[in-house]
Protein chains: 2
Amino acid sequence: MTNKLNLNNLTKSEEDYLKAIFQLLIEDASVKVGNNQLADYLKVSPASTNNMIKKLKAKGYVVSEKYGKLDLTEGGKSVAVRLIRKHRLWETFLCNYLNFTWDEVHDVAEQLEHIKSRKLIDELDRFMDFPKKDPHGEMIPNANGEYSIVPKITLSSLSEGDVCQLVAVNDGSVHFLKYVSEIGLALSSEIKILEVREFDKSIRIKFDNTIETVTRKFADNVFVNKVV
Amino acid sequence: MTNKLNLNNLTKSEEDYLKAIFQLLIEDASVKVGNNQLADYLKVSPASTNNMIKKLKAKGYVVSEKYGKLDLTEGGKSVAVRLIRKHRLWETFLCNYLNFTWDEVHDVAEQLEHIKSRKLIDELDRFMDFPKKDPHGEMIPNANGEYSIVPKITLSSLSEGDVCQLVAVNDGSVHFLKYVSEIGLALSSEIKILEVREFDKSIRIKFDNTIETVTRKFADNVFVNKVV
DNA sequence: TTAATTTGTTAGTCATAGCTAACTTTTTTA
DNA sequence: TAAAAAAGTTAGCTATGACTAACAAATTAA
Ligand SMILES: [Mn+2]
Ligand SMILES: [Mn+2]
Ligand SMILES: [Mn+2]
Ligand SMILES: [Mn+2]
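Think of each chain on its own: its residues are numbered from 1, step by step along the sequence as written. Each chain takes a letter, starting from A, and each ligand takes a number, starting from 1, following the order in which they are written. Local features in this predicted model are restricted to residues whose pLDDT is 70 or higher, and side-chain atom pairs enter the listing and the counts only when it is 80 or higher, whereas totals over whole chains, interfaces and linings include all residues. Values reported for side chains reflect all heavy atoms of the structure, with hydrogen atoms and water molecules removed beforehand.

Visitor: Before we go on, may I ask you to explain the relation of the copies chain B and chain A in this structure?
Guide: Copy one and copy two of the chain differ by a rotation about an axis and a translation along that axis. Least squares is the method for superposing the copies, and the C-alpha atoms it fits come from residues with pLDDT of at least 70 in both. When chain B is fitted onto chain A, the two copies agree to an RMSD of 0.0 Å after a turn of 180° and an axial shift of 0.0 Å. Here the transformation between the copies is reduced to the relation of a two-fold axis. Scanning chain B for the C-alpha nearest the rotation axis identifies Leu112(B), at a separation of 3.8 Å.

Written out as structure tokens, the structure is:
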């Protein structure tokens, strides 16, 4: 009885909250996750998150002290990772087999990730021959919930003269993803930082013989691997 | 403004109720659908169905008089048929691409049918090259909600000496479907009625050089096309 | 180190979708 | 045709997961 596993007794909402906390925890490992921050992220009121957090603490997925920050138990992390696995496998399926573009997949995957069937997702994984990355460049956890963290930084953190490779993009905004495609950037694109303008932090970049200027906000959503 | 289409504003429950009414209406076209019958079918209380029916009437999907029987409007039928299309396409996908057996698909399809994305289901249809029937032999409505009703009767309605072909099976029970496979019956099997026993209505049948006795209850769930 | 601001909590409300128990209407049977 | 049974309705309750408004604690700034 080492692991009381509560097999799949979670509602869609409970799952989404656990996933959100997980995303916020890995997004910036140094800063702990607060209640209002979570409310912001999920676009619900702080009262709602407070309420749900109580429930998730009672069920043993979340730990926190009163007026303190949030953390996930191993069980909570496990639920979140399984949800992320499902989300990313579905996104991959939609892109690679059903003619979806990378900006169309996220919203549908938000629904599909809540389908409860272990066999479904493991067979989908096998059907696609165990893909390692989703359409936005993010890693896909395997059936045991194991995953490799690819070292990545934002494009905005680089300096003039740096050269990097685009490894992933934030998939939250349809407009952003369309914009990335439109200017000709794609996963694996090699990008050189020509100039970082002090005035508004906009960045002149060069890739595939194209020169573009992108905003700080844009560069915050592009994840890269520094090459030079 | 001929068709006020209320694009997808329905909850999972509302969708399930409309589908259930539709199924009951086609199951036996002669008998109108009652509130308690619907409650039975959905395994909820008559109070619950009564409540939901009110809502669906207010939204223009159901028609009925007080203390009277239920019927669907064109809008209600359209929702039901779209749901059935999704359900059967997903069942087909699970069987043909993800190694599910025909007794494993129904419960997962019950979840998948509620995913809201027109593109998803039409692309899934295209991906499978527009299948006409699901794994249980039931027709799949096309993207316009059109479908052909295959004439079918239950095996239990036949008499000694009749010969028929198995065209579909009721997919509601996992035990039943496993049983069908185990005795060697499959879609398209040619079945001859050797004897109908008066005592308990059990039926001796022959197919593929196999002779079996099946109960009335079993035969009620097997749909056939009379050949001789 | 006090005051302002931010963050977190609580109380009370609403909608959805179940339930039971009691009641009314309709249908069937005697 | 009157009584019994079945079918349908209503009232009132529960749980989930949102919300607002009011309040308390913790943090930051003055
Ligand atoms: Mn996504
Ligand atoms: Mn989700
Ligand atoms: Mn089915
Ligand atoms: Mn369903």
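Visitor: Would you take a moment to explain the coordination of the manganese ion (ligand 4) for this structure?
Guide: Residue and element names in this part refer to chain B. Counted as coordinating are nitrogen, oxygen and sulfur atoms within 2.8 Å of the metal, or 3.2 Å for Na, K and Ca, while water is not included, which may make sites look incomplete. Ligation of the manganese ion (ligand 4) by protein atoms is provided by Asp-16 (OD), Glu-110 (OE), Glu-113 (OE) and His-114 (NE2), these donors lying 2.1 to 2.5 Å from the ion. Mapping the donors of the manganese ion (ligand 4) onto the primary sequence gives the spacing D-x93-E-x2-E-H. With Asp-16 in helix α1 (residues 12–27) and Glu-113 in the loop between α5 (105–112) and α6 (118–127), the pair connects residues that are 97 residues apart, well separated along the chain. Exposure class is identical for Asp-16 and Glu-113. Each is buried. In this text, helices come from DSSP runs of H or I with a minimum length of four residues, and strands from runs of E with a minimum of two, each type numbered from the N-terminal end. Buried means the residue's accessible area, taken with a 1.4 Å probe over protein chains only, is under 20% of the maximum for its type, while exposed means over 50%, and partly exposed covers the values in between.

Visitor: What's the story with the coordination of the manganese ion (ligand 2) in this structure? I'm lost.
Guide: Tetrahedral metal sites with four donors have an ideal angle of 109.5 degrees; octahedral sites with six donors have ideal angles of 90 or 180 degrees. All names here are of chain A. Within the protein, Asp-16 (OD), Glu-110 (OE), Glu-113 (OE) and His-114 (NE2) serve as the donor atoms for the manganese ion (ligand 2), at 2.1 to 2.5 Å. Each donor residue of the manganese ion (ligand 2) belongs to the same chain, with the gaps between them written as D-x93-E-x2-E-H. With Asp-16 in helix α1 (residues 12–27) and His-114 in the loop between α5 (105–112) and α6 (118–127), the pair connects residues that are 98 residues apart, well separated along the chain. Both residues of the pair, Asp-16 and His-114, belong to the buried class.

Visitor: Help me out: how do you make sense of the interface of chain B and chain A in this one?
Guide: By convention, interface size is frequently given as the accessible area that disappears when the constituent parts associate. With 21 residues of chain B at the interface, the matching set in chain A holds 21 residues. Interface of chain B and chain A: buried area, both sides summed, is about 1,800 Å²; carbon and sulfur atoms make up 68% of it. Contact with chain A buries area across many residues of chain B, yet Leu98(B), Gln111(B) and Lys119(B) alone supply 26% of it, more than any other trio. Any Lys or Arg side-chain nitrogen found within 4 Å of a carboxyl oxygen on Asp or Glu counts as a salt bridge. The interface formed by chain B and chain A contains two salt bridges. As a salt-bridge pair, Lys119(A) and Glu104(B) come within 3.1 Å of each other at their nearest N and O atoms. Between N or O atoms, a polar contact is any pair within 3.5 Å; within protein, one atom must be a potential hydrogen donor and the other a potential acceptor, and residues adjacent in sequence are included only when both atoms are from side chains. For the pair chain B and chain A, the number of links is ten residue pairs in polar contact (both at pLDDT 80 or more). Contributions of two or more residues to the side of chain B that touches chain A are made by α4 (74–97), α5 and α6 of chain B. Among the elements that line the side of chain B that touches chain A, the one with the most residues is α6(B), at six residues. The contact definition used throughout considers only heavy atoms, calling two residues in contact when any of these lie within 4.5 Å. Summed over both partners, the accessible area (1.4 Å probe) lost when two parts come together is defined as the buried area.

Visitor: I'm lost on the protein's contact with DNA strand D in this one. Help?
Guide: We call a residue near a molecule or strand as soon as one heavy atom of that residue lies within 4 Å of the molecule or strand. Residues in contact with DNA strand D amount to 21 residues; listed here are only the nearest, Thr11(A), Ser45(A), Ser48(A), Lys55(A) and Asn50(B). In the interface set of DNA strand D, defined as its atoms within 4 Å of the protein, sugar plus phosphate atoms amount to 75%. Backbone polar atom of Asn36(B) to a phosphate oxygen of DNA strand D: 2.8 Å apart, as the coordinates give it. Elements that contribute at least two residues to the surface near DNA strand D include exactly α1 and α3 (46–58) of chain A together with α2 (35–42) and α3 (46–58) of chain B. Each residue belonging to the surface near DNA strand D can be placed in one class, and the counts come to eight nonpolar, eight polar and five charged. As a working rule, the residues Ala, Val, Leu, Ile, Met, Phe, Trp, Tyr, Cys and Pro are called nonpolar, Asp, Glu, Lys and Arg charged, and the rest polar, with Gly in that last group.

Visitor: Can you walk me through the protein's contact with DNA strand C in this structure?
Guide: Every one of the 21 residues lining DNA strand C counts as a neighbour, but Asn36(A), Asn50(A), Thr11(B), Ser48(B) and Lys55(B) are closest to it. Each atom of DNA strand C within 4 Å of the protein was classed as base or backbone; sugar and phosphate made up 76%. Within the backbone of Tyr67(A), one N or O atom sits 3.1 Å away from a phosphate oxygen of DNA strand C. For the surface near DNA strand C, the elements supplying multiple residues, two or more each, are α2 (35–42) and α3 of chain A together with α1 and α3 of chain B. Split into classes, the residues belonging to the surface near DNA strand C amount to eight nonpolar, eight polar and five charged.

Visitor: What should I look at first to understand the confidence of the model for chain A in this one?
Guide: The predicted coordinates of low-pLDDT regions are not to be read in fine detail. In this model, chain A carries an average pLDDT of 94, and 96% of its residues clear a pLDDT of 70 or more. On a range of 0 to 100, pLDDT expresses the predictor's confidence in each residue. Counting contacts from residues 1–7 of chain A, a segment whose pLDDT is below 50, to residues more than four positions away or on other chains yields one contact.

Visitor: What exactly am I supposed to notice about the packing of aromatic side chains here?
Guide: The description of an aromatic ring pair uses the distance of the two centres, along with the angle that the planes make with each other. Stacked, edge-to-face and tilted labels apply to pairs of Phe, Tyr and Trp rings (six-membered ring for Trp) whose centres lie within 6.5 Å, assigned for plane angles under 30 degrees, over 60, and everything in between, in that order. Tallied over the entire structure, the rule returns 19 aromatic pairs over all chains. Ring geometry for Phe93(A) against Phe93(B): centres 5.3 Å apart, planes inclined by 45°, an arrangement best described as tilted. Placement of the pair is Phe93(A) in helix α4 (residues 74–97) and Phe93(B) in helix α4, with the two residues belonging to separate chains. When sorted by exposure, Phe93(A) lands in the same class as Phe93(B), which is buried. Clustering of aromatic rings is evident, with ring pairs tying together Trp90(A), Phe93(A), Tyr97(A), Phe127(A), Trp90(B), Phe93(B), Tyr97(B) and Phe127(B). Comment: the charge-over-ring label is applied if NZ (Lys) or CZ (Arg) is within 6 Å of the ring centre and within 35 degrees of the ring normal. Its end group placed over the ring of Phe100(A), Lys119(B) keeps NZ or CZ at 5.1 Å from the ring centre. The ring of Phe223(B) has Lys152(B) lying over it, and the distance from NZ or CZ to the ring centre is 4.7 Å.

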